[in-house]
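So the chains spell out like this:
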Amino acid sequence: MATSRPTYADAVTQTVAPTTPLPARLDDATSSDATLRRFLHGLPGVDQVGAEARAATLGTRSIKTTAKAFGLDLAIRMVDLTTLEGQDTPGKVRALCAKAMRPDPLDPGCPETAAVCVYPDLVATARQALGDSGVHVASVATAFPSGRAALDVKLADVRHAVADGADEVDMVIDRGAFLSGRYLRVLEEVVAVREACARPDGSRAHLKVILETGELATYDNVRRASWLAMLAGADFIKTSTGKVQPAATLPVTMVMVEAVRDFRDATGATVGVKPAGGIRTSKDALKYLVMVNEVAGPDWLDPDLFRFGASSLLNDLLMQRTKMATGRYTGPDYVTLD
Amino acid sequence: MTQPEDAPVPTRPGPAEVFAYAPAPESRAVVDLRSSYGLFVDGRFVDAVGGGSFKTVNPATEEVLAEVAEGTAEDVDLAVAAARRAQTRVWSRMPGRERAKYLFRIARILQERSRELAVLESLDNGKPIRESRDVDVPLAAQWFFYYAGWADKLEHAGFGAAPQPLGVAGQVIPWNFPLLMLSWKVAPALACGNTVVLKPAETTPLTALLFAEICRQADLPPGVVNIVTGAGETGRAVVAHPDVDKVAFTGSTEVGRQIARTVAGTRKRVTLELGGKAANIVFDDAPVDQAVEGVVNGIFFNQGHVCCAGSRLLVQESVAEDVLARLKRRMGTLRVGDPLDKNTDVGAINSATQLARIRELSEVGEAEGAERWSPSCTLPAHGYWFPPTVFTGVSQAHRIAREEIFGPVLSVLTFRTPAEAVEKANNTPYGLSAGIWSDKGSRILWVVDRLRAGVVWANTFNQFDPTSPFGGYQESGYGREGGRHGLEAYLR
């Protein structure tokens, strides 16, 4: 491939770094249900109207010419190309892997996507298809998408995915526990899943924690769940499964981006963000990049720290990319349908 | 709060270093600039009687945009005479529902020509196209739509069974929102059956003259709207004209005082919308990211050229450090530059005079011992520019905490208790607006009850709506514009 993406691949195959020690104040926060509740409810609130207005204003940025070309390539490199259907087959997954490694067959300069995201039983297929291309295998796990299963079942789900070669695990939090205020239970589950991500050689699959913001309903909850996941050691926080509406929105992702920014200020640890579901157009993707750029800063404009969970987005990015290069639209017949 | 007590000001590379937004300029081609403009009197563009003219420049480049006729007392006389004729013979006799049709038509033309108006406003005023496009012009159209709806319902407005227009209104408007202030003045006056002689500010006459063209396009009867361009002398002539029944002014407190003196002892009715030194009060339980956003919007919107700007930040001492760190980080992402670039957040200062005033007061602030901070930003070589600036360590005794700077300069003060916040917020000769940031509804209501300000925003700032009255206490003026209340200024 024309582009190499060494950083992330290296990172995941290294030995597990111990969790960055939290400052004492935050460590105390996770010591009991009561302290955790106090901490999460002590976070500053989010004003819904203000947050949505800010996101809408960021959405009016005009990204043209060189900025657009930069943004499109970056967005392609951030895509977790996803298929999560009951009708998925090894053939479908292999096709998706081919697409991920070479999104535009006519242009070897086109970057590859960050990862392919599948159900656990198809991890082995994806692993084989992707080989050492540098495109990661991401697997949803923990009784995705509802998360309604016993903890040992969820952990077995994770271990299976990791054993079959998943580089990244996308877990769902227990929304029932979160909404009923049993925060420590949610935290302990994330910690347990993180441990289940360990491999025999001492390395660990990266953990993305899906908050399912569409079920959390308020931005205050989204901010609390973000901190909860980060305190538990998430490498990424992710908006949605894609199975619940609304999925990712610009303001909800912005609230999560604010959380990772504040978490780094407080702890020095950098956590990534992945909006997933409902991002279909290049224009939308560029709005997210602008938001990340202005809210958290350009440090997060990196596939190691920002991803798009999407399927149809990639083809729109490719069409726009070709249009930037040639000056005309090729149309949907000229991108591959996989 | 979530920040460690000693949170440093976060530093990071500017957006330009990684994701540089390419220039995205709005095209000037949509504007048909003429080299010279006359006065709009009795439905026609005419030269000034004295033949005098002045230049209006683009404050972002100092390029001369056009020569504009300078109206004299004689021109004002002709305009008032035309307005009187139109008022007695046509406009006051016309049924309200007919007047409404003209106002609706004007509102629709404002929408149809919105892009042209927005570009012209940004050229002449220096404000970012994002603001003229998304705020000024849409609001101007909304004002006409709103008051068009009142024109045939005046007897139900609560001002008597058969309210009558006042006659001829002399209106003098400022340069900070040229078209929007025009619509605040013209729409209610016309809806109530008055005719107007309007003097736009000398640095921003162009959108008013384009509005004159729109009046012709709408077939508005001649003389109903007259526009006499010029500077202070012209404004004085409008205010002092004996046949003017009503004076409406928006601008500085100093000029407002002169106007009040001029009209004292006459039959003229007056409304004045003057300066302000609004407090934006941030409590420790505020939604902090939105509060910071509101503080930025409160003072850097329209380069701080806003009479209701939140130019004093009152922040609870227990969260001051965190709020300031966030504020500075946010200010670092403000994009200052070409007003016609769609990604510009802060445009040019409107005039050399205003720039000199902002510089002077900022120097005073430093001399008085306040700490000055601006994000690093490169300002264009030509034109009038001032970076977004924040002063910390400001006390009530500092001039920058008392005087209206009318620029992108924020003074930060702290408070300990709600009572102290109210006391400091009210400790000003002005009283136009205020903002409160708190997640606690009962506290918001407690504070609102005690603030002496015409408009109080809770968990937002600088929101305008034609249905809502706007106006001040004390030296911020008297009378209300907007909403049902705004009709009162044009009826008897």
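Refer to the preceding data block for the structure.
The rules we used
Residues numbered from 1 in each chain as written. Chains lettered and ligands numbered in written order. Predicted model: local features only at pLDDT ≥ 70, side-chain atom pairs only at ≥ 80, totals over all residues. Helix = DSSP H or I, 4+ residues; strand = E, 2+ residues; numbered from the N terminus. Rg over C-alpha atoms; globule rule 2.2 N^0.38 Å. Buried ≥ 20, exposed ≤ 12 C-beta atoms within 10 Å, placed from the backbone. Contact = placed C-beta atoms within 7 Å. Pairing = 2+ DSSP bridges. Axes fitted to C-alpha atoms, helices over the stretch in contact; angles between N-to-C directions. Expected span 1.5 Å × (residues − 1). Core = buried A, V, L, I, M, F, W, Y, C linked by C-beta atoms within 7 Å.

With that settled, consider the overall build of chain B. Across its full length, chain B carries 14 helices and 18 strands. By the compact-globule yardstick of 23 Å for 492 residues, chain B fits well, its C-alpha radius of gyration being 23 Å. Looking at chain B as a whole, 56% of its 492 residues qualify as buried. Once local pairs closer than 6 in sequence are excluded, the contacts in chain B between residues at least 24 apart make up 73%.

This part takes up the sheet that holds strand E1 (residues 79–82) of chain A. Sheet strands associate in pairs through backbone hydrogen bonding, adopting either a parallel or an antiparallel arrangement. Residue and element names in this part refer to chain A. With respect to topology, eight strands assemble into an open sheet ordered E7-E6-E5-E4-E3-E2-E1-E8, the strand pairing being parallel. On the outer flanks of this sheet lie strand E7 (272–274) and strand E8 (308–310), each paired with one strand and no other. Between one strand axis and the next, the sheet turns by 25° as a mean value, whatever way the strands run. Across three bridges, the pairing between strand E6 (residues 236–238) and E7 is parallel.

We now examine helix H13 (residues 250–267) of chain A. All names here are of chain A. End to end, H13 covers 25 Å across 18 residues, agreeing with the expected 26 Å (1.5 Å per residue, within 8%). Burial within H13 is extensive, with 14 of its 18 residues counted as buried. Looking one or two residues beyond H13, the residue adopting positive phi is Gly268, at roughly 85°.

The next subject is the nonpolar core. One finds Val116(A), Val209(A), Ala229(A) and Ile237(A) to be the most contacted residues of the largest nonpolar core, which totals 111 residues. Of the residues forming this core, the biggest block, nine residues, is contributed by H13(A). Apart from the residues lying within four places of it in its own chain, the contact partners of Val209(A) are Met171(A), Ile173(A), Val190(A), Ala229(A), Ala234(A), Phe236(A), Ile237(A) and Lys238(A). Listed in part, the 90 residues of the second largest apolar core include Val41(B), Ala86(B), Ala208(B) and Leu272(B).

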